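Structural description and commentary
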Amino acid sequence: QVELVESGGGLVQAGGSLRLSCAASGSIFSPNTMGWHRQKPGKQRELVATMSNRGNTNYADSVKGRFTISRDNAKNTVYLQMNSLKPEDTAAYYCRYIPVSGNEYWGQGTQVTVSS
């Protein structure tokens, strides 16, 4: 079992910044990928950014140049630095842990609201 605990969401004005954190605990194995997805009201969950424990990253086109994903492998923690936030970034943000084999896990989600 793996537990993912997210933090850092909140309310921010357009153009502002937030930093999300997700700490994983439990049966963590390498190699693995951790990342962030988001879900807007009435929409399907979508990928925001992922990062392997070897440093390979993948970003949604909509956040490239504004969001940066990073990891501290020693702490099994992944971060998402979100700059130049837009109202359309408003969503529930979910952390995801993906091992090479075995089950993937999701966090409970943290709300990000960007006001115009």
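Let me begin by describing the structure that accompanies this report. Positions within a chain are numbered from 1, following the residues in the order the chain's sequence is written. Note on the predicted model: pLDDT of at least 70 is required for a residue's local features to be given, and 80 or more for side-chain atom pairs to be given and counted; whole-chain, interface and lining totals, by contrast, use all residues. For the side-chain quantities, the full set of heavy atoms in the structure was used; hydrogens and water were omitted.

With that settled, consider the environment of Arg45. The numbering of helices and of strands both runs from the N terminus, where a helix is a DSSP run of H or I of at least 4 residues and a strand a run of E of at least 2. Residue position: Arg45 is located in the loop between strand E4 (32-39) and strand E5 (46-52). Throughout, exposure labels follow a simple rule: accessible area from a 1.4 Å probe, protein chains only, divided by the maximum for the residue type, with under 20% read as buried, over 50% as exposed, and the rest as partly exposed. You can call Arg45 partly exposed: its relative accessible area is 34%. Along the backbone, Arg45 and Tyr94 are 49 residues apart, and their C-alpha atoms lie at a distance of 8.9 Å. With sequence-adjacent residues up to four places away left out, Arg45 is seen in contact with His37, Arg38, Gln39, Tyr94 and Trp106. At 3.4 Å, the side chain of Arg45 and the side chain of Gln39 are in polar contact. Whether two residues touch is decided by their heavy atoms; if any such pair falls within 4.5 Å, the residues are in contact. Pairing of N or O atoms within 3.5 Å defines a polar contact, subject to two protein rules: one partner must be a possible hydrogen donor and the other a possible acceptor, and residues neighboring in sequence count only if both atoms are side-chain atoms.

Our focus in this paragraph is the nonpolar core. Grouped together as the largest cluster of nonpolar side chains are 28 residues, with contacts concentrated most on Leu4, Trp36, Leu80, Met82 and Tyr93. Broken down by secondary-structure element, the contributors of at least two residues to this core are strand E1 (2-7), strand E3 (18-26), E4, E5, strand E7 (67-72), strand E8 (77-82), strand E9 (91-99) and strand E11 (110-115). Not counting residues within four places of it along the chain, the set of residues in contact with Leu80 comprises Leu18, Arg19, Leu20, Trp36, Val48, Ala49, Phe67, Thr68, Ile69 and Tyr93. Think of a nonpolar core as a cluster: buried Ala, Val, Leu, Ile, Met, Phe, Trp, Tyr and Cys residues, connected wherever their side-chain atoms sit within 4.5 Å.

On to the pairing of E9. The buried count for E9 comes to eight of nine residues, which makes it a mostly enclosed element. Strand pairing follows a simple DSSP-based rule, namely that at least 2 bridges must link the two strands. Bridge count between E4 and E9: eight bridges; the pairing is antiparallel. Its bridge partner lying in E9, Asn32 is registered against Pro99. Relative to E11, E9 is paired through three bridges, and the arrangement is antiparallel. Pairing of Ala91 across the sheet is with Val112, part of E11. Relative to strand E10 (residues 105-106), E9 runs antiparallel, the two being bridged by two bridges.

Read across the open sheet, the four strands follow the order E1-E3-E8-E7; overall the sheet is antiparallel. Where the open sheet ends on each side, the last strands, each with one partner, are E1 and E7. Neighbour to neighbour, the strand axes of the sheet diverge by 15 degrees on average, direction disregarded. Where E3 and E8 come together, six bridges link them in antiparallel fashion. When the sheet's bridge partners are listed, Ala23 is paired in E8 with Thr77. What counts as an axis is a line fitted to C-alpha atoms, over the stretch in contact for a helix, and the angles between N-to-C directions run from 0 to 180 degrees.

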